[in-house]
Amino acid sequence: MHKRKMPINLNCGLDLIAEVLYGKWKIRLLWFINEGHKRPSELQRKIPDASRRVLNMQLNELEAHELIVKKIYPVVPPKVEYSLTELGKTLIPVIDKLGQWADDHEDHLRHVILK
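Residues numbered from 1 in each chain as written. Predicted model: local features only at pLDDT ≥ 70, side-chain atom pairs only at ≥ 80, totals over all residues. Heavy atoms only, no water.

1. Description of the pattern of salt bridges
Move 1: Scanning all chains against the criterion turns up four salt bridges.
Move 2: The salt bridge involving lysine 79 is made with glutamate 81; its shortest N-O contact spans 3.6 Å.
Move 3: A residue is classified by how much of its surface remains accessible, and lysine 79, at 28% relative accessible area, is partly exposed.
Move 4: Note that glutamate 86 and lysine 89 form a salt bridge whose closest N and O atoms lie 3.2 Å from each other. Within this pair, glutamate 86 and its partner lysine 89 are both found in helix α5 (residues 86-89), separated by three residues, close to a single helical turn.
Move 5: Looking at glutamate 86, the relative accessible area reads 58%, which means it is exposed. (Salt bridge = Lys/Arg side-chain N within 4 Å of Asp/Glu carboxyl O. Buried < 20%, exposed > 50% of the residue type's maximum accessible area, 1.4 Å probe, protein only. Helix = DSSP H or I, 4+ residues; strand = E, 2+ residues; numbered from the N terminus.)

As structure tokens, this is what we get:
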């Protein structure tokens, strides 16, 4: 990971969640891993707008925050799979609720975002 220019602010739960989930693709990665898409190539297909480099960086950060685990199989070519940790699984209902909220307010959100 890169060296921070500013100190981390972890004064409340919102700061903690921002630190752990900040990143354009992290919520989607957690969701897709939960759905069973565990290989890096599968995740890349599910999120084609993301570069492989950025996905790898965000997967590494999720792993460092112990939300996912990476299993490397000793085969040639190497096979890698990701899965959620018990802590990572506790985020899925929260992500689901956020998605429901966005669905409930879709028209308004699209309007203000596309202004």
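2. Some thoughts on the pairing of strand β1 (residues 68-73)
Move 1: Relative to strand β2 (residues 79-84), β1 is paired through six bridges, and the arrangement is antiparallel. Across the sheet, valine 69 pairs through a bridge with serine 83, a residue of β2.
Move 2: Taking the residues between adjacent antiparallel strands as the criterion, β1 and β2 are bridged by five residues. (Pairing = 2+ DSSP bridges.)

3. Side note on unusual backbone geometry
Move 1: Cis geometry is found at the peptide bond from valine 76 to proline 77, where omega equals -5°.
Move 2: Looking at the element boundaries, proline 77 is found in the loop between β1 and β2.

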